[in-house]
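A look at the structure
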Amino acid sequence: MWLLNDLKSAEDLIFSQLGKEIRLATPLGLGKPNQLLNQIYNHAKKDASISLTIFTALSLDMPDPKSDLESRFVEPFYERHFGKNYPRLDYLRDLHSKSVPSNIRLHEFYFQAGSQLKIPLAQQNYISLNYTHVTRAIFEMEINVIVQLVALSPDGQRCSLSCNPDLTLDLRDLYKQQGKKLLLIGVVHPDLPFLGGDAEVGLDFFDAIVKTPEVKDKLFAVPKAPVTPVDYLIGLHASRLIPDDGTLQIGIGSLSDALVYATLLRHGKNELYRELLQSLDQGGASPQGVEIFSDIFHHGIYGTSEMLMDGFMNLRRGGVLKRLIFDHDEKARRYLHGAFYLGSAEFYEWLRGLKGEDYDGLSMTRVSKVNDLYDVHELALRRQRKRARFFNTCMQVSLLGGAASETLENGGVVSGVGGQYNFVAMSHELPDSHSVLMLKSFRKEGRKRASNIIWSPAHLTIPRHLRDVVVTEYGIAALKGQSDEVCIQRLLMIADSEFQEELLDQAKSFGKVSSNWQLPAEARHNHPDRILKFTRSYQGQGLFTEFPFGSDFTPVEERLQAGLLRLKTQTLVELIQSLIKGFSVNGSEFREELERMKLQSPKSLQERVFRRLLLSSLQSRKAFD
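Scope of this entry: the structure provided in the associated data block. Here, residues in each chain are numbered from 1, in the same order as that chain's written sequence. Restriction of local features to residues with pLDDT of at least 70 applies here, the model being predicted, together with a cutoff of 80 or more for giving and counting side-chain atom pairs; totals for whole chains, interfaces and linings are based on all residues. Just so you know, side-chain values use all the structure's heavy atoms and leave hydrogens and water out.

1. Some remarks on the overall build of the protein
Going by this rule: A run of H or I in DSSP counts as a helix once it spans at least four residues, and a run of E counts as a strand once it spans at least two, with each numbered from the N terminus. We take the radius of gyration over the C-alpha atoms and set the globule estimate at 2.2 Å times the residue count to the 0.38 power. The buried label applies to any residue whose accessible area, calculated with a 1.4 Å probe on protein chains only, is under 20% of its type's maximum; exposed applies above 50%, and partly exposed to all values in between. Residues are treated as being in contact if the distance between any of their heavy atoms lies within 4.5 Å. Each accessible area is a Shrake-Rupley result for a 1.4 Å probe, and residues are judged covered by the shown protein chains and nothing else. In this charge count, Lys and Arg are treated as positive and Asp and Glu as negative; neither His nor the chain ends contribute. A single reference atom marks each charge: NZ on Lys, CZ on Arg, CG on Asp, CD on Glu.
A tally of helices and strands in the protein yields 23 helices and 24 strands. Its C-alpha atoms give the protein a radius of gyration of 25 Å, within 12% of the compact-globule value 25 Å for 625 residues. Along the longest, intermediate and shortest principal axes, the C-alpha atoms of the protein span 70 × 70 × 50 Å. Residues classed as buried in the protein amount to 58% of the 625 residues present. Across the protein, the fraction of contacts at a sequence separation of at least 24, relative to all contacts at a separation of at least 6, is 78%. For the protein, the computed accessible surface area is about 26,400 Å², with 51% contributed by carbon and sulfur atoms. One way to put it: in the protein the 75 positive side-chain charges average out to a point 3 Å from where the 76 negative ones average out.

Listed below in structure tokens is the structure:
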């Protein structure tokens, strides 16, 4: 094993050991050593005789601002949140500028959502894989080197794969079993939490470990997202599906935050929670065909999730994530297993500060253990994952129960399959378990609305024969084991009312629903204004705030963010109207916002236009609130 004290030595080691054919894998998400990757990439970029293949997923980056006005908002935030010189990935930069040289190939099996939709090379080189099949794919591609971030123990004698044991453990085992050479290089990051479980390994796990002051930048922290009224209603409905003494998997984003928020409300303010449910049931149909719960978590739940994020931190802090299971060696009791993690700066700080039972009960492990049942400890895994609820999000659901979660009609990949199929399939293998797909009932297409419940999406991630539970802001549809007609009827009852009759007529025209069936009266009032009215009626009690778990933005930035988003969605005519309206707004009322955007004393025509547009949008937002 080599102990290296600079990145150049690691770069030289790779090319001296492997020559001109470099087939490199690096972890999805947080575990990429960006600086080393940039050096390897640029080395190959300068030498056309080198063949470099990079295989990875979820290459993290902050979106570039698309206008001067947007730059004024995001650039100071980026510097504060990510650090002044965060090492962005050069291969992403070249992908977006269409300048990746021909001797370099980039393959990803999961994109940062929406980031590569308009990048032809990324779309062409995307590889569609279930998460649990990636190890085999990497082996078949004959990857010869892995580089990843690691954490070092205080005494310097142990390493932790920390955020990414997910594929590395399985890959090393597979290569050893097959007698194949694989160069493993760990790059120490001083801020990466040292986590135990299967993620803790000896120094000799690696061929080389790089510890250098060059690696000192902040970890990539995902900014906390605002939670909308629609998100909150989906989370509230979904929280009724979680049984006490059960098992939980959740994803990331505002729907996950809303689910966690409602679950904590159920446990911590149960009387208020029940009042909310009663109010909801009076406004619409109660779910049929699935057991629902509203009690507190006496026994608690156990978490097993491919990705760990802020939600599990909040559930642990809130006294919900407390059911302990015996790990396979029968020596350790765990409340949480994860394959990789990604979250906010607060989440990383929480992980770094874990002690005692909180530390011992969290185990980072291989994805084959979390996303599958089929290993030597299958019976133990099945016993542990009792009453499991696997929550995922999707983009569209067909009236027959299939789901599209990652690919558009034209084949454009938004994200990737990841582990969603794994968890859906697993739910059907476990008794008393459910896959729950959370879905916003409609989306905006320009100035119009479109239903996300449709007859038939072009590309299905989850086939109809694995249909189970679907949740929208209007309720819960239980589909497992139901006939096609019942599935259609139940999905129509949680669809937006603007689209219900058209969808029903379509189903009748294909003979899939009885010609005399009509929507029940209680399902005919699924309108967004009802959702807004419901959440607003409780905001006086401190419920349903925009950032329920805190914000990475200042109060001024939160107001600006809402105002800028409003401008971004306006048509040309509306922008002209806003510009005119801006002349009548008193700038002193929004002094802090103008100072933050450096528009308090405009010096050009463009800045004067920006100022007026911004003032108009801020004034409209204030009046709306």
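2. Some remarks on a nonpolar patch on the surface
Threshold: In this analysis, a patch consists of residues with relative accessible area above 30% that form no salt bridge, clustered at 9 Å for like charges and at 5 Å for the nonpolar side chains Val, Leu, Ile, Met, Phe, Trp and Tyr. Each salt bridge in this description consists of a side-chain nitrogen of Lys or Arg and a carboxyl oxygen of Asp or Glu lying within 4 Å of one another.
Together, L572, I576 and I580 make up a nonpolar patch on the protein surface, roughly 330 Å² of accessible area in all. Overall, the relative accessible area of 45% leaves I576 in the partly exposed class.

3. A closer look at the pattern of salt bridges
Under the defined criterion, the tally for this structure stands at 38 salt bridges. The closest approach of N and O atoms between R158 and E200, which form a salt bridge, is 3.4 Å. Of the two residues, R158 sits in strand β6 (residues 158-160) while E200 sits in strand β8 (residues 200-202), which places them 42 residues apart along the sequence. The partly exposed category is assigned to R158, whose relative accessible area is 33%. By relative accessible area, which is 30% here, E200 ends up partly exposed. The salt bridge involving D327 is made with R334; its shortest N-O contact spans 3.0 Å. We note that D327, like R334, is buried. A cluster of three or more residues bridged by salt bridges with shared partners is formed by K45, D90, R93 and D94.

4. Topic: the sheet that holds strand β22 (residues 453-454)
The pairing of strands in a sheet happens through backbone hydrogen bonds and is either parallel or antiparallel. Definition in use: For two strands to be treated as a pair, DSSP must find no fewer than two bridges joining them.
Taken in spatial order, the three strands make up an open sheet running β18-β17-β22, and their pairing is mixed. Two strands in the sheet have a free side with no partner beyond their single neighbour: β18 (403-404) and β22. Pairing of strand β17 (residues 396-398) with β22 involves two bridges; the strand directions are parallel. Counted as the bridge partner of V397 is I453 from β22.

5. Thoughts on the pairing of strand β23 (residues 469-472)
In β23, alternate side chains face the same way, and those of V469 and V471 on one face and V470 and T472 on the other are all buried. Two elements, β23 and strand β24 (residues 475-478), share four bridges in a ladder whose sense is antiparallel. Bridge pairing in β24 links V470 to A477. Here β23 hands over to β24 after two residues, the two strands then running antiparallel side by side.

6. As for the environment of D358
Keep this limit in mind: Side-chain atoms alone can form a polar contact between residues adjacent in sequence; in general such a contact is a pair of N or O atoms within 3.5 Å, and within protein one must be able to donate a hydrogen while the other accepts it.
Among the secondary structure elements, D358 is positioned in helix α13 (residues 356-360). Take D358: its relative accessible area is 31%, and that puts it in the partly exposed class. Each C-alpha atom, one on D358 and one on A137, is 35 Å from the other, the two residues being 221 residues apart in sequence. When residues no more than four places from it in sequence are discounted, the contact partners of D358 are R316 and Y335. A polar side-chain atom of D358 sits 2.8 Å from a polar atom in the side chain of R316.

7. Regarding unusual backbone geometry
At D245, a position not held by glycine, the phi torsion is positive, near 65°. Summarising the element assignment, D245 is placed in the loop between α8 (229-239) and β10 (247-249). If you check the backbone angles, R387 has positive phi at about 45° while not being a glycine.

8. A short note on the packing of helix α17 (residues 484-493) against helix α18 (residues 497-509)
Operational definition: Each axis is a line fitted through C-alpha atoms, taken for helices only over the stretch in contact, and angles between the N-to-C directions span 0 to 180 degrees. For classification, angles of less than 35 degrees are called roughly parallel, those exceeding 145 degrees roughly antiparallel, those between 65 and 115 degrees roughly perpendicular, and all remaining angles oblique. Classes in brief: Ala, Val, Leu, Ile, Met, Phe, Trp, Tyr, Cys and Pro nonpolar; Asp, Glu, Lys and Arg charged; the others, Gly included, polar.
Two numbers describe how α17 lies on α18: the axes approach to 10 Å, and their chain directions differ by 170°. Considering the angle they form, α17 stands roughly antiparallel to α18. Note on element contacts: α18 touches α17 through Q500, L503, L504 and A507, opposite I488, L492 and M493. Of the residues in the contact of α17 with α18, the class split is six nonpolar, one polar and no charged.

9. Quick look at α18
Definition in use: Here, expected helix span is obtained from the residue count minus one, scaled by 1.5 Å.
The first and last C-alpha atoms of α18 sit 19 Å apart over 13 residues, in line with the 18 Å expected at 1.5 Å per residue. Listed in full, the buried residues belonging to α18 are S497, F499, Q500, L503, L504, A507 and K508. Buried residues in α18 make contact with β20 (442-445), β21 (448-451), β22 and α17. The residue sitting at the N-terminus of α18 and contributing the capping side-chain oxygen is D496; that oxygen lies 2.9 Å from the backbone nitrogen of E498. Immediately downstream of α18, the backbone of G511 shows phi near 75°, a positive value.

10. Concerning the state of the cysteines
For clarity, the threshold we go by: The rule for a disulfide is simple: a pair of cysteine sulfur atoms within 2.5 Å.
All chains considered together, the criterion is met by zero disulfides. Here C159 stays free of any disulfide, with the sulfur of C163 as its closest cysteine sulfur at 12 Å. Judged by its relative accessible area of 0%, C159 is buried. Using a relative accessible area of 0% as the deciding quantity, one classes C163 as buried.

11. What to know about the environment of L7
As for its placement among the helices and strands, L7 is situated in helix α1 (residues 7-18). Of the residues examined, L7 reaches a relative accessible area of 3% and is grouped as buried. Non-local contacts of L7, meaning those with residues more than four positions away in its chain, are made with Q35, L36, Q39, V187, V210, T212, E214 and V215.

12. Side note on the nonpolar core
Note the cut-off: Buried residues of nine kinds, namely Ala, Val, Leu, Ile, Met, Phe, Trp, Tyr and Cys, make up a nonpolar core once their side-chain atoms join them within 4.5 Å.
One finds Y341, L362 and F391 to be the most contacted residues of the largest nonpolar core, which totals 203 residues. Considering every element that reaches this core, the biggest residue donor is helix α9 (residues 254-268), with eight residues. Not counting the four nearest positions on each side in its chain, L362 is found in contact with L195, L308, R334, Y335, L336, W350, L351 and L354.

Everything listed here is a matter of coordinates, which is why it stays silent on function.
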